[in-house]
Amino acid sequence: MSHNQQADVGKLQQQVQQLKEQLAQAQRLTALGELVSTTTHEFNNVLMTIINYAKMGMRHKDTVTRDKALEKILAAGTRAAKITNSVLGMARTRSSGHEPTNITQLIEDTLILLERELNKYRIAVDKHFQPVPEAFVNANQIQQVLLNMIINARQAMPGGGRLIIKLSHDPKEDMIDVVIRDTGCGIPPDVLPRIFDPFFTTKNGPDSSGKGGTGLGLSMCKEVIEAHHGRIRVESTVGKGTAFTLKLPTVTKAAKRTAAAPAVPVASCPSQQPIQT
């Protein structure tokens, strides 16, 4: 391959990478817009709780009733703070690189954002969280993956069901395992090998909530996880449900990989610019 051809390939690879980043950003903003709409309704419910118990406290002068009203107002205010912090966390432009991240908190924040939607579709959430070390990830990207996985699980249970989320540490591989399991319809064996293909979907457009149907969700999830030097796998049984397992590197795992990586030689000729891929 000639020098000019190599340069052209390098430019094309750079353009593809930029387009992928723009698509990921667009998907994040779309998800944020959908969640703001959902959480606005939830926030309004919290405000109504605060207003109603404040009125009750003003009407009744006895200490017992007022204490009860204040406790309800405090609980509602705490709930409102959690909702706000979760939305701000997703909207915040975190570091574009990877950094130590509390995966437990990231999952909790994601569930807060989706709580109203899960309740609306009668999805019960079972959490089994073990203590885990910090992961070395891009928090925005991993939260987008979690949102996509949980929304997919909810869509697989149109009549309601259980969402089981497990978090554990695999000390042998020094990886954090996140398992997202639903009790939905399952994925047929002939479809399962294709679910990570770009633009492949079994949905006929967005559902009643306006989510899904593009065929880009799972392919982007796979790409994000692999870019983190992680892995994603799926197990499914028709009529019983589906389980996705995400394996993410810990901070120590990432540090060892970085230390073991060979040094990249620097070109000595100042007139040549390195090709970015």
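In this report, we go over the structure that sits alongside the text. (Residues numbered from 1 in each chain as written. Predicted model: local features only at pLDDT ≥ 70, side-chain atom pairs only at ≥ 80, totals over all residues. Heavy atoms only, no water.)

### What about the layout of surface pockets?
Okay, step 1: The calculated volume of the second largest pocket comes to roughly 270 Å³.
Okay, step 2: Along the wall of the second largest pocket there are 15 residues; nearest its centre are Glu108, Leu111, Ile112, Glu115 and Lys127.
Okay, step 3: Going through the elements one at a time, helix H2 (63–91), helix H3 (103–120) and strand S2 (123–129) are the ones with two or more residues in the lining of the second largest pocket.
Okay, step 4: The biggest single contributor to the lining of the second largest pocket is H3, with 8 residues.
Okay, step 5: Split into classes, the residues belonging to the lining of the second largest pocket amount to 5 nonpolar, 4 polar and 6 charged. (1 Å grid on protein atoms, 1.4 Å probe; cavity = no way out; pocket = protein on both sides within 12 Å on 5 of 7 lines; lining within 4 Å. Points joined across faces, edges and corners; volume = space filled by probe spheres on them. Helix = DSSP H or I, 4+ residues; strand = E, 2+ residues; numbered from the N terminus. Nonpolar A, V, L, I, M, F, W, Y, C, P; charged D, E, K, R; others polar.)

### Brief notes about the sheet that holds strand S7 (residues 241–249)
Okay, step 1: The 5 strands are arranged S2-S4-S5-S7-S6 in an open sheet whose pairing can be described as mixed. On the outer flanks of this sheet lie S2 and strand S6 (231–237), each paired with one strand and no other. Sheet twist, expressed as the mean angle between neighbouring strand axes with direction ignored, is 15°.
Okay, step 2: Note: S6 against S7, 7 bridges, orientation antiparallel. From the neighbouring strand, Thr237 faces S7, where its bridge partner is Gly241.
Okay, step 3: Here H3 sits on the sheet in contact with S2, strand S4 (161–170), strand S5 (175–182) and S7, set at roughly 170° to S2.
Okay, step 4: Relative to the sheet, helix H5 (residues 217–227) contacts S6 and S7, its axis offset from that of S7 by approximately 25°. (Pairing = 2+ DSSP bridges. Axes fitted to C-alpha atoms, helices over the stretch in contact; angles between N-to-C directions. Contact = heavy atoms within 4.5 Å.)

### Quick notes on the environment of Lys253
Okay, step 1: Tracing the backbone shows Lys253 in helix H6 (residues 251–260).
Okay, step 2: The exposure class of Lys253 is partly exposed, given its relative accessible area of 32%.
Okay, step 3: Taking the C-alpha atoms as reference points, Lys253 and Phe136, 117 residues apart in sequence, are found 8.4 Å from one another.
Okay, step 4: The residues contacting Lys253, other than those within four sequence positions of it, are Glu173, Asp174 and Met175.
Okay, step 5: Among the polar contacts made by the side chain of Lys253, one reaches the main-chain carbonyl oxygen of Glu173 at a distance of 3.1 Å. (Buried < 20%, exposed > 50% of the residue type's maximum accessible area, 1.4 Å probe, protein only. Polar contact = N/O pair within 3.5 Å; in protein donor to acceptor, adjacent residues only side chain to side chain.)

### Details of the pairing of S7
Okay, step 1: Of all 9 residues making up S7, 9 are buried, and the element is well covered by its neighbours.
Okay, step 2: Residues Gly241, Ala243, Thr245, Lys247 and Pro249 of S7 are buried on one face, and the alternating residues Thr242, Phe244, Leu246 and Leu248, pointing to the opposite face, are buried as well.
Okay, step 3: Alignment of S5 against S7, held across 7 bridges, turns out to be antiparallel. In the strand pairing of S7, Arg181 is matched with Ala243.
Okay, step 4: Where S6 folds back onto S7 in an antiparallel hairpin, the turn is made up of 3 residues, including Gly239, whose phi is positive at roughly 90°.

### A word on the pairing of S5
Okay, step 1: Of all 8 residues making up S5, 7 are buried, and the element is well covered by its neighbours.
Okay, step 2: In the sheet, S4 pairs with S5 via 8 bridges, with the strands oriented antiparallel. If you follow Ile165 over to S5, its bridge partner there is Ile180.
Okay, step 3: With antiparallel pairing between neighbouring strands as the criterion, S4 and S5 make up a hairpin whose turn holds 4 residues, including Asp174 at a positive phi of roughly 55°.

### Focus: a nonpolar patch on the surface
Okay, step 1: Nonpolar side chains collect at one region of the surface, where Leu47, Met48 and Ile51 lie side by side and expose about 240 Å² of accessible area between them.
Okay, step 2: Tracing the sequence through the fold places Ile51 in helix H1 (residues 3–59). (Patch = residues over 30% accessible without salt bridge, like charges linked within 9 Å, V, L, I, M, F, W, Y side chains within 5 Å. Areas by Shrake-Rupley, 256 points an atom, 1.4 Å probe, with all protein chains shown as cover. Salt bridge = Lys/Arg side-chain N within 4 Å of Asp/Glu carboxyl O.)

### A look at H5
Okay, step 1: All of the buried residues in H5 are Gly217, Leu218, Ser219, Met220, Cys221, Val224 and Ile225.
Okay, step 2: After H5 finishes, the residue His229 shows a positive phi value of roughly 60°.

### Observations concerning the pattern of salt bridges
Okay, step 1: Counted according to the given criterion, the structure contains 9 salt bridges.
Okay, step 2: With its nearest N and O atoms 2.8 Å apart, the salt bridge here joins Arg79 to Glu115. Of the two residues, Arg79 is situated in helix H2 and Glu115 in helix H3; the sequence distance between them amounts to 36 residues.
Okay, step 3: The class of Arg79 is buried, set by a relative accessible area of 18%.

### Quick notes on the side chain of Asp170
Okay, step 1: Mapped onto the secondary structure, Asp170 falls in strand S4.
Okay, step 2: Judged by its relative accessible area of 17%, Asp170 falls in the buried class.
Okay, step 3: In terms of polar contacts, Asp170 uses its side chain to reach the backbone amide nitrogen of Lys172, at 3.1 Å.

### Some thoughts on unusual backbone geometry
Okay, step 1: With a phi close to 60°, Arg122 is a non-glycine residue in the positive phi region.
Okay, step 2: Tracing the sequence through the fold places Arg122 in the loop between H3 and S2.
Okay, step 3: In this structure, Asp174 is a non-glycine residue whose phi angle is positive, near 55°.
Okay, step 4: Take Asp174: it is sitting in the loop between S4 and S5.
Okay, step 5: The exposure class of Asp174 is buried, given its relative accessible area of 14%.

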